[in-house]
Amino acid sequence: MPVPWFFLSLALGRNPVVLSLERVVGPQDTARCSPGLSCHLWDGDVLCLPGSLVSAPGPVLVPTGLQTELVLRCYKDTDCDLCVRVDVHLAVHGYWEEPEDEEKFGIAEDPAIEEPRNASLQAHVVLSFQAYPTARCVLLEVQVPAALVQPGQSVGSVVFECFEAALGAEVRIWSYTQPRYQKELNLTQQLPALPVLNVSAHGNDVHLVVDIPEDQRFGLSLYWNQVPGPAKPWWHRNLTGPQTITLNHTDLVPCLCIQVWRLEPDSVRTSICPFREDPRAHRNLWRAARLQLLPPRAWRLDAPCSLPAEATLCWQAPDGGPCQPLVPPLPRENVTVNKALEFPLLKGHPNICVQVSTWEKQELQECLWADSLGPLKDDMLLVETRGPQDNRSLCALEPSGCTPLFSRASTRAARLGGPLLQDVQSGQCLQLWDDDLGALWACPMEKYIHRRWALVWMACLLLAAVLFLLLLLKKNHVKGWLRLLKEDVRAGAAARSRAALLLYSADDAGFERLVGALASALFQLPLRVAVDLWSRRELSAQGPLAWFHAQRRQTLQEGGVVILLFSPGAVALCREWLQDATSAPGAHGPHDAFAASLSCLLPDFLQGRAPGRYVGAYFDRLLSPDAVPALFRSVPVFSLPSQLPEFLGTLQGPAAPHPWRLAERAEQVSRALQPALDSCFRAPGTGRGMGPEAEDRT
């Protein structure tokens, strides 16, 4: 739906100003007058004949002042002309003359003479307009009620709209009455030689239509008005005559401004910023914002414009819960973009993150040390609060809040309160922050986890000893149990020994990371997974085709299965091969095993040998079910991650575990895939560059 137009005029002269021009729709001239007056515009123009001065017979209406205003007369949404609106001020001039006999002899006034004195006044006001090569005269009929007739007093005004004129033209306006009772009023005005800038939005495009006279040259610049800091130029062009510049809606940000100036020495530049309140511009600004780590312990928020946001540090636990704010080290304060900010920390930690948020919601969060300090740790953050008279208290930051170490709560921190306090006193905890108000400590929890597992192992050994004694007491049932145990071991061995060859098309780096995550998750089931990501050296030495032949032969000889992972790139390659089977595998990347394997895969599907040996899969957020070529639907094709249990059951074959166990394994695989899925399907447009798609129309 088109956005209503707004019109901005930039006057480029000695005293540049920014004008907001009113929009008048339709080609018809109109007239309106002040409250209490009645007026009528005669149809068509009249002859411009002022005539000679005559004496007023009594009170008459005469023009006393002229005012003009520039407006835009628009015939269509994009077809507008400059127009001059004229405001004529009117007043009562003259008095009724008293008869001499009446004053001298005191004779009573004749009612026939009194009647016209109480009547309304009517006048014919002529407006004459000249602007080369145009000349016009219009006639306005104005009537004033008797109650407003006060000699020498203003009665209001009448407005005519409007006389069309060209940019830079000199206009002359006269006003008088017919008959003419006084010298005509006149006004001479030089219209500014300015470009009219129309900004409109249609769909995904924003049009900047610059109306410039054909014989004048102007410079037009788009820039980011950053505060603080100097303006950052973005786009510049010299223009001659009318131009249209097209921007994509993703290019809009609140601080995007437009600057126009004459191409002459020492010209004054005029700027406007029309997108400050545009909701799309504010959304684009947040998409373009980036948090960056600056070693050793600093960060910076990069954005084209200033952001109305606050920043704070938070602690991210490895369980995936919400990041908990750390108020003491970094109080909430307005963010200064494009400026390095220091963390008031003694040392860094991978669990410390930065949150940037507005008053409505959280917008950005980054754990800045994830690359330099490794993954999140299962450490306990202790918050030390210092009060008067050296009073100190310690609490542990948990999802439920800050739990005092010596409390009766049923949390891990409450159970380990004493040992954690000893770790702080003995220096085993890392101090992250320290000042007069308190301190922050990160205490490792690995030894407590190991101690808990030691207790579990002891319980398992005790249970095994009890089971062994029971077996000795029931010798008759030992053979049956051993036979069942042997069958379970064989089934597990079959599941572990089954091979799987994973084939995919390397569409981009994000998809390759997703494939690597899937292969790693399948390897943990366990399955013996072969994928070209893990065999780059063999691929380079043997070539993709030879490597695929060897892996396929070994996988099928051992009763394994070949997994075809479909993606947009894989579907395109399949369709290419189905249309032209003579395409050379070497036309693709040197490590693209999928492209090299099509010459061997297609015969198996065409000759009906694929069922039982091949399995298809695709990610449901990347590809629709109908996109998989029909030839490959002769084997099971699964949607991931929604059909993970069925997919895993097919891969493990007859040795597949019970449904409940299969559901657990599917949940494990889904959790392992989730980070890679989020990274692969992150919202588009965040990494796009910004630049106008300009097209000129003179």
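Before reading on, note that the structure itself is shown above.
Every chain begins its residue count from 1, and numbering advances along the sequence as written. For this predicted model, a pLDDT threshold of at least 70 governs which residues receive local features, and a threshold of 80 or more governs which side-chain atom pairs are given and counted, while totals over whole chains, interfaces and linings are taken from all residues. Side-chain measures here rest on the full set of heavy atoms in the structure, leaving out hydrogens and waters.

### Quick word on the packing of helix H8 (residues 509-523) against helix H14 (residues 659-680)
Relative to each other, H8 and H14 sit at 175°, their axes nearing to 9 Å. As summarised for this structure, H8 and H14 are arranged roughly antiparallel, according to the angle between their axes. Here H8 contributes Gly 510, Phe 511, Arg 513, Leu 514, Ala 517, Leu 518 and Ala 521 to the contact with H14, which in turn contributes Val 669, Ala 672, Leu 673, Ala 676, Leu 677, Ser 679 and Cys 680. Residues are grouped as follows: nonpolar covers Ala, Val, Leu, Ile, Met, Phe, Trp, Tyr, Cys and Pro; charged covers Asp, Glu, Lys and Arg; every other residue, Gly included, is treated as polar. Taken together, the residues of the contact of H8 with H14 sort by class into 11 nonpolar, two polar and one charged. Only the stretch in contact is used when fitting a helix axis, every axis being a line fitted to C-alpha atoms; angles between N-to-C directions are given from 0 to 180 degrees. Helical segments are the DSSP runs of H or I of at least four residues, strand segments are the runs of E of at least two, and each set is numbered from the N terminus. Should an angle fall under 35 degrees it is called roughly parallel, over 145 degrees roughly antiparallel, and 65 to 115 degrees roughly perpendicular, with every other angle called oblique. Only heavy atoms matter for contacts: two residues are in contact if any of them lie within 4.5 Å across the pair.

### What to know about the sheet that holds strand S21 (residues 298-302)
Two strands qualify as a pair provided that DSSP identifies no fewer than 2 bridges between them. Ordered by their spatial adjacency, three strands build an open sheet running S20-S21-S25, and the pairing between neighbours is antiparallel. Because the sheet does not close on itself, it has two edges, and the strands there are strand S20 (290-294) and strand S25 (341-342). Bridging between S21 and S25 involves two bridges; their strand directions are antiparallel. Across the sheet, the residue bridging to Ala 298 is Glu 342, located in S25.

### Remarks on unusual backbone geometry
Cis geometry marks the peptide bond from Tyr 132 to Pro 133, where omega comes out at 5°. The phi angle at Asn 338 is positive, at roughly 60°, despite the residue not being glycine. On the basis of relative accessibility, which here comes to 35%, the residue Asn 338 falls in the partly exposed class. The cut-offs for exposure are 20% and 50% of the maximum accessible area for each residue type, with area from a 1.4 Å probe on protein chains only; residues under the lower value are buried, those over the upper are exposed, and the others partly exposed.

### Comments concerning the packing of helix H13 (residues 644-652) against H14
Think of two packed helices as two axes; the pair is described by the angle between the axes and how far apart they sit. Contact geometry of H13 with H14 gives a least axis separation of 9 Å together with a crossing angle of 110°. Here H13 is positioned roughly perpendicular relative to H14, judged by the angle of their axes. H14 is crossed by H13, and the crossing has right-handed handedness. On H14, the residues that touch Leu 644, Pro 645, Leu 648, Gly 649 and Gln 652 of H13 are Leu 662, Arg 665, Ala 666, Val 669 and Ser 670. For a crossing to be left-handed, the near helix must be turned anticlockwise from the far one by less than a right angle; the clockwise case is right-handed.

### Some points on the state of the cysteines
Linking two cysteines covalently through their sulfur atoms gives a disulfide. In this description, the term disulfide denotes a pair of cysteine sulfurs within 2.5 Å. The final tally for this structure, using the stated rule, is seven disulfides. The disulfide that involves Cys 48 links it to Cys 137, with 1.7 Å between the sulfurs. Since a negative S-S torsion denotes a left-handed disulfide, the Cys 48-Cys 137 link at about 125° is right-handed. On the criterion of sequence distance, the pair formed by Cys 48 in the loop between strand S5 (38-41) and strand S6 (60-74) and Cys 137 in strand S9 (residues 134-144) is long-range, its members being 89 residues apart. Note on Cys 48: relative accessible area 39%, which makes it partly exposed. The partner cysteine of Cys 314 in its disulfide is Cys 323, sulfur to sulfur 2.0 Å. Here Cys 314 and Cys 323 share a disulfide; its torsion about the S-S bond, 90°, makes the bridge right-handed. Take Cys 314: its relative accessible area is 0%, and that puts it in the buried class. Exposure remark for Cys 323: the relative accessible area of 8% places this residue in the buried category.

All quantities given are derived from atomic positions and should not be read as evidence of function.
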